[in-house]
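Each chain, letter by letter, is given below.
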Amino acid sequence: MSLQRPRLPLLGFAAYSGTGKTTLLEALIPMLTSAGLRLGVLKHAHHDFDVDIPGKDSYRLRKAGASQMLIASRNRHVLMTETPEAEAEFNYLLSRFDSEKLDIILVEGCKNIAFPKVELHRSELNKPWLYLNDNNIIAIAADEIVESDLPQLNINDLESIAKFVVDYANRFGKEKLPPESCDTLSPAFLSVEQGRQSILDRVPVLSDIETIQRANIYNRVLAKDISSPVNVPTYRNSAMDGFAIRSDDLNREHYQIVAEIMAGDTYLKVVESGQAVKIMTGAAVPQGADTVVMREQATVSGKTVTFGDAKIKAGQNVRQAGEDLAIGQSVFATGQRLHSPEMGMIASLGMDAAPVFRKLKVAIFSTGNEVQQPGIPANDSRIFDSNRYTLMGLLTQLGCEIIDLSIIEDNEQAMIDALHKASQSADVVLTSGGVSVGDADFIKSALESLGSIEFWRINMRPGRPLAFGSINDKPIFGLPGNPVAVMVSFINFVEPALRKMQGELNWQPLKVNAIATEELRSRQGRTEFTRGVYSINQFGQLVVKSTGKQGSGILRSMSEANCLIEISPAVDTVKSGESVTIIPLQGRI
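Residues numbered from 1 in each chain as written. Predicted model: local features only at pLDDT ≥ 70, side-chain atom pairs only at ≥ 80, totals over all residues. Heavy atoms only, no water.

The protein chain appears in an unreviewed UniProt entry as Molybdopterin molybdenumtransferase from Vibrio ziniensis. Turning to the protein chain, the UniProt record has this under Sequence similarities (unreviewed entry): "Belongs to the MoeA family." Reading the Cofactor (unreviewed entry) entry of the UniProt record for the protein chain gives the comment "Mg(2+)". (UniProt positions renumbered as here; feature names shortened; annotations may be inferred.)

Structure (structure tokens):
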């Protein structure tokens, strides 16, 4: 259940360990209460802690096994709740406060959660700044001045910090507070979201439509709306094996069995009062009858049937004509990808073909003199080309038609010729290698000689270098050369673009939260995609761990993974037991 945060000003104090958050708050709180603020304080700790005194009654009872322990006295009451399965969620903890008796809630820690915060910073600790990668920072309290439009306070001037908090609390309800957002961007890079959206804004959608046989439509994208040409089901039929009777004739002790109807057969007579027809699942319910009693509730003796104490409801177990779909009712809309259920549904409408967008043609090749074709003797100075075959699998999964141009040597004219050929025969051109800083200049010049190209640095790992542009109005993607970076870049940038070009509408990758079972490290300022394995623990919770070593060249880590763990740029460490976003990969790779 999703909980709403209290309608109170919420302000955090975010800093690295050793900055002195608790000491500052300890001195700040009396000043705030003297100013008339009623304070609630939430402190987050990564380690275990105990608020009870060993030996006291409440401690003994809690340790004996009480999952919740409420202790009360004249001066205070405390509820202690054991949470061995998972750490309580942030919004849930906030909901525990009695907001009617508070003016503001202060939070110590929780720097990885999106809500307004003041960054505390001491230069002697030599820690990176948080505000550069967290738009939720609304002010800085430090012992130095930085170039920023944010309000800056002296971390040793408690009176100015207290005034800032009081002013912040008083503004609540009078003006819009800073938005709670996780969006971040380092000035030297594009964020993952910005890069993806920029690509989506530029790629076209196919306009060519073809009508193909029903058996061949799997994984294709529907090009026109489909409405039902028939009622589904087309006739009244029995939902189970049993006996069909009249609903105005339910209270008889016994009925005369006058016929038996198998699926596909028809009983042409009208069922009269006192009559029953034995009927099979899917068989047409005859005229006069409108109720079916299941076979398990019936007792048959010769040509008569009784239903004992069975509670019979008029109209039960009968599927009406058009109950699933009525004639003319919308079934599928343009832009829907067709899978097994859709194939069956189209067949149920009596349709033997469907209009779909034609297959997207994608030309691929690898670059580099160091890359050699698998299947020939290994060379100590070369590597086998794995990227091209990885891309073939990814493109096949999306139902693309692949144009394989093999490996292109480090030669500008060869590159120009390959790119020109690719743009003439394909809808999209996809290459791997040759887009990192320091790569041979001929790659850049070859691309620029034929069209427009941009070399981007994406704020992510793995897969920072990315080239995107067009040749002869055909989109071209230049992916990194590292095998894992190729896959991660494809998943984040190429797949969404190809789905749009194929005509698929409103596609979004599935992202869910899971509990980390180990510490996951990242570097603030970039999105980290860690290869992971998710599973369900004994409490029915979704949990995740990494596959181990995360080097960009370790292709095995993608083979072992069933998800990507997405760590946002504002986070440097995900502790064991904390929630993290995962992107399941089943059906995508």
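**Q** Residue-level account of helix α8 (residues 412–425), with values.
**A** Across its 14 residues, α8 extends 20 Å between first and last C-alpha, which sits within 8% of the 20 Å expected from 1.5 Å per residue. Buried within α8 are the following residues: M415, I416, A418, L419, A422 and S423. Down the axis of α8, the buried set is contained in an arc of 165°. They therefore lie on one face. Exposed residues pointing more than 90 degrees away from the buried face of α8 are listed as K421 and Q424. (Helix = DSSP H or I, 4+ residues; strand = E, 2+ residues; numbered from the N terminus. Expected span 1.5 Å × (residues − 1). Buried < 20%, exposed > 50% of the residue type's maximum accessible area, 1.4 Å probe, protein only. Arc of directions from axis to C-beta.)

**Q** Got a sec to walk through the packing of helix α5 (residues 192–202) against helix α10 (residues 483–501)? Specific residues and values, please.
**A** Contact pair α5 / α10: the axes reach a minimum separation of 9 Å and the direction vectors enclose 30°. If you check the angle between α5 and α10, you find them roughly parallel. Considering only the axes of α5 and α10, their crossing is right-handed. Touching V192, G195, R196, I199, L200 and D201 of α5 are N492, F493, P496, A497 and K500, all from α10. Considered class by class, the residues forming the contact of α5 with α10 number six nonpolar, two polar and three charged. (Axes fitted to C-alpha atoms, helices over the stretch in contact; angles between N-to-C directions. Parallel < 35°, antiparallel > 145°, perpendicular 65-115°, else oblique. Left-handed = near helix turned anticlockwise from the far one by under 90°. Contact = heavy atoms within 4.5 Å. Nonpolar A, V, L, I, M, F, W, Y, C, P; charged D, E, K, R; others polar.)

**Q** Before we move on, could you go through the pattern of salt bridges and cite the residues and values that matter?
**A** If you walk through the whole model with that rule in mind, you get 21 salt bridges. We note a salt bridge from R252 to D249, for which the minimum N-O separation is 2.6 Å. A relative accessible area of 7% means that D249 is categorised as buried. E519 is the partner of K575 in a salt bridge, and the nearest nitrogen-oxygen pair spans 3.5 Å. Pair noted here: K575 is in the loop between β35 (573–574) and β36 (579–584) and E519 is in the loop between β30 (512–516) and β31 (520–521), with a separation of 56 residues, a long-range link. On the basis of relative accessible area, K575 is assigned to the partly exposed category, the value being 27%. The network of salt bridges with shared partners includes R337, E495, R499 and E504. (Salt bridge = Lys/Arg side-chain N within 4 Å of Asp/Glu carboxyl O.)

**Q** Describe unusual backbone geometry, and please don't skip the residues or the numbers.
**A** Outside of glycine, negative phi angles account for most residues, and trans bonds account for most peptide bonds. The peptide bond linking V232 to P233 adopts the cis configuration, its omega dihedral lying at -5°. Along the chain, P233 turns up in the loop between β10 (226–227) and β11 (237–238). In this structure, P462 follows R461 across a cis peptide bond, with omega equal to -5°. Examined against the element boundaries, P462 turns out to sit in the loop between β27 (460–461) and β28 (465–471). Despite not being glycine, N219 shows a phi value in the positive range, around 70°. Structurally, N219 is set in the loop between β9 (209–213) and β10.

**Q** Go over the nonpolar core with me, naming the residues and quoting the values.
**A** Ranked by internal contacts, the top residues of the largest apolar core, which has 41 residues, are I199, V362, L430, F477, F490 and L498. Among the elements that take part in this core, α10 stands out by supplying eleven residues, more than any other. The residues touching F490, leaving out its near neighbours within four places in the chain, are L391, L394, L395, L398, L430, E495, P496 and L498. One finds L11, A15, I104 and V118 within the second-largest nonpolar core, a separate group that totals 25 residues. (Core = buried A, V, L, I, M, F, W, Y, C linked by side-chain atoms within 4.5 Å.)

**Q** Lay out α10 in plain terms, naming residues and giving numbers.
**A** Given 3.6 residues per helical turn, the α-helix brings residues three or four places apart onto the same face. Roughly 45° is the biggest bend found in α10, and it falls at F490. Where burial is concerned, most of α10 is hidden: 18 out of the 19 residues are buried. Note on α10: the residue one or two positions beyond its end, G503, has a positive phi of about 100°. (Bend = angle between axes of the 7 residues up to and from the residue.)

**Q** Give me the lowdown on the packing of aromatic side chains, citing residues and values where you can.
**A** Counted under the stated rule, the structure contains five aromatic pairs. Residues Y255 and F307 carry aromatic rings whose centres are separated by 5.4 Å and whose planes lie at 45° to one another, so their mutual orientation is tilted. Highlighted residues: Y255 in strand β13 (residues 255–261) and F307 in the loop between β17 (304–306) and β18 (318–319), separated in sequence by 52 residues. Exposure class is identical for Y255 and F307. Each is buried. Between F468 and F477, the aromatic rings sit 5.1 Å apart at their centres with planes inclined by 55°, giving tilted as the arrangement. Of the two residues, F468 and F477, neither departs from the other in class, the shared state being buried. In this structure an aromatic cluster arises from ring pairing among F243, Y255 and F307. Stacked on the ring of F115, the Lys or Arg K117 has its end atom at 4.9 Å from the ring centre. (Phe/Tyr/Trp six-rings, centres within 6.5 Å; stacked < 30°, edge-to-face > 60°. Lys NZ or Arg CZ within 6 Å of the ring centre and 35° of its normal.)

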